[in-house]
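Fold and contact review
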Amino acid sequence: MVENTPTPLIPNNEILPLIDLKGQRDEVSKLIVKACEDFGFFKLINHGVPMDVISSLEEASFDFFAKPSSEKERASLCSNPPYGYGCKNIGLNGDVGEVEYLILDAKPAAITTYPINLRDAVSSYVEAVRELACEILDLMAEGLGAQQTSVFSSFIRAVNSDSLLRLNHYPPLRDRDTSPSTGNAAAATASATSGADGVCNRIGFGEHTDPQILTILKSNGVGGLQISVQDGVWVPVSPHPTAFFVNVGDVLQAMTNGKFLSVRHRAMVNWQESRMSMAYFASPSLDSRISPLAHLVTPNSPRLYRSFTWAEYKKATYSGRLGDSRLNLFRIQPGDETAAKQ
Ligand SMILES: C=C1C[C@]23C[C@@]1(O)CC[C@H]2[C@@]12CC[C@H](O)[C@@](C)(C(=O)O1)[C@H]2[C@@H]3C(=O)O
Ligand SMILES: O=C(O)CCC(=O)C(=O)O
Ligand SMILES: [Fe+2]
């Protein structure tokens, strides 16, 4: 059963940074670093990804989710978790939400095996968004004063990068039998109270951090994404017609020695409109070793996490629940000199 969530919510989201990628390079890189330190999140406009590439994938996604369940399950492509179609069950350990989704391997070789109606749209989108992720990561490296601009983006450019594309569809609650006790539509209305923007207090995708390096997310014009700026306080991210929402993942928090925050976020369901989100998770290859940039470890900022491979981190992620704080498993305990030198 999906519970209501009477947690404090800040209605005004103007505090979230909106960054113009066409601005002056030095300025943009400073703004990105500041946003990642303060929120682990920002909105990006003038990002260079053509609108027709975005709308083609959005259309292909709506077409896919409009198919009968039996067909979607068949199109699940493979039984290799986490790839494929899923409905309400998130991950393998009992998490649920009012969402259906398709998770796709973003490797070019994998994309060529997708059904014809998705293949072209996914391929163009992934190529464009991967380039954007690399550009953002280069700006971050510059803003952090890293010796090599490509210190982060080289992980994503690797041919065997484990990046994923996830298409999430949150059907509107209005027409559904949503009341757990009675199945009655009026009771469902009362229990899933919605605001003026139609966003309900019903969870579509529960709170979590993204485990990878960086997430580039595009949603349609329907609100629902919220980020947690401090424990239990949720800030709604208002929809934007063209912007991408960018958030830091756990691996980038580890590589920046905690300077950047991997922000907790969740997605709520809309009362009357379908919400679609398309998330590209930029990820290292399985054998990549993750360690902090040397210049970010100082006597005043001692090392926070032991080094790990993405395979190790991914295994820890997938053996846990959605809301777990996975990075804590890799945190160096005070006095653990061996781990601090690895
Ligand atoms: C419950 C889970 C779903 C998830 C794997 C996990 O065990 C914990 C992290 C979840 C998450 C969140 C970000 C991405 O949407 C995702 C694909 C990922 O890499 O980690 C999902 C996983 C999933 O849905 O399989
Ligand atoms: O749908 C959204 O806006 C967020 C989805 C999300 O956080 C995820 O897929 O990891
Ligand atoms: Fe997420």
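Everything below is about the structure shown above.
Attention here is on the structure that accompanies the text. A quick note: this is a predicted structure, and the numbers were derived from the prediction, not measured.

Parameters at a glance
- Residues numbered from 1 in each chain as written.
- Chains lettered and ligands numbered in written order.
- Predicted model: local features only at pLDDT ≥ 70, side-chain atom pairs only at ≥ 80, totals over all residues.
- Heavy atoms only, no water.
- Near = heavy atom within 4 Å.
- Polar contact = N/O pair within 3.5 Å; in protein donor to acceptor, adjacent residues only side chain to side chain.
- Areas by Shrake-Rupley, 256 points an atom, 1.4 Å probe, with all protein chains shown as cover.
- 1 Å grid on protein atoms, 1.4 Å probe; cavity = no way out; pocket = protein on both sides within 12 Å on 5 of 7 lines; lining within 4 Å.
- Sits in = over half its atoms within 2 Å of the grid points.
- Helix = DSSP H or I, 4+ residues; strand = E, 2+ residues; numbered from the N terminus.
- Disulfide = S-S within 2.5 Å.
- Buried < 20%, exposed > 50% of the residue type's maximum accessible area, 1.4 Å probe, protein only.
- Pairing = 2+ DSSP bridges.
- Axes fitted to C-alpha atoms, helices over the stretch in contact; angles between N-to-C directions.
- Contact = heavy atoms within 4.5 Å.
- Donors = N, O, S within 2.8 Å, 3.2 Å for Na, K, Ca; no water.
- Core = buried A, V, L, I, M, F, W, Y, C linked by side-chain atoms within 4.5 Å.

Another point: the site of ligand 1. Taken together, 18 residues lie around ligand 1, and Arg 166, Gln 212, Thr 317, Tyr 318 and Gly 320 are the ones closest in. At 2.7 Å from an oxygen atom of ligand 1 is found a side-chain nitrogen or oxygen belonging to Arg 166. Thr 317 is positioned such that a nitrogen or oxygen atom in its backbone is 2.9 Å from an oxygen atom of ligand 1. When the free accessible area of ligand 1 is taken as 470 Å², the share hidden by the protein chains comes to 98%. More than half of the atoms belonging to ligand 1 lie within 2 Å of the grid points that define the largest pocket. The set of elements that each furnish at least two residues to the shell around ligand 1 consists of strand 4 (95-105), strand 5 (164-170), strand 6 (199-208) and helix 9 (310-318).

To continue, consider the state of the cysteines. Enumeration according to the criterion identifies 0 disulfides in this entry. You can see Cys 87 has no disulfide; the closest cysteine sulfur is in Cys 200, sitting 17 Å from it. Judged by relative accessible area, Cys 87 falls into the partly exposed class, the value being 39%. On the basis of relative accessible area, Cys 200 is assigned to the buried category, the value being 3%.

This part is about the sheet that holds strand 2 (residues 41-45). In spatial order, the strands read 1-2-10-7-12-5-4-3; together these 8 strands make up an open sheet with mixed pairing. One side of each edge strand has no neighbouring strand; the edge strands of this open sheet are strand 1 (18-20) and strand 3 (84-90). Across the sheet, the mean angle from the axis of one strand to that of its neighbour is 25 degrees, orientation sign disregarded. Inspection of the sheet shows strand 7 (residues 214-219) paired to strand 10 (residues 244-248) by 4 bridges, in the antiparallel sense. Looking across to strand 10, one finds that Thr 215 is bridged to Asn 247. Strand contacts of helix 1 (residues 25-38): strand 1, strand 2 and strand 10, with the helix running at about 160 degrees to strand 1, the strand carrying the most contacts.

Every protein donor of the iron ion (ligand 3) is listed here as His 208 (NE2), Asp 210 (OD) and His 265 (NE2), and their distances to the metal cover 2.1 to 2.2 Å. Going along the chain, you hit the donors of the iron ion (ligand 3) in the pattern H-x1-D-x54-H. Placement of the pair is Asp 210 in the loop between strand 6 and strand 7 and His 265 in strand 11 (residues 265-270), with a sequence separation of 55 residues.

The next subject is the nonpolar core. Formed by 70 residues in total, the largest nonpolar core has its most connected members in Phe 42, Ile 136, Met 140, Leu 214, Ile 216, Leu 252 and Tyr 280. With 15 residues, the single largest contributor to this core is helix 5 (residues 116-143). Here Leu 214 is in contact with Ala 133, Ile 136, Leu 137, Met 140, Val 246, Asn 247, Val 248, Gly 249, Leu 252, Tyr 280, Phe 281 and Ala 282, once residues within four sequence places are set aside. Judged by nonpolar contacts, the second largest core, of 22 residues, contains Phe 41, Leu 164, Val 235 and Val 237.

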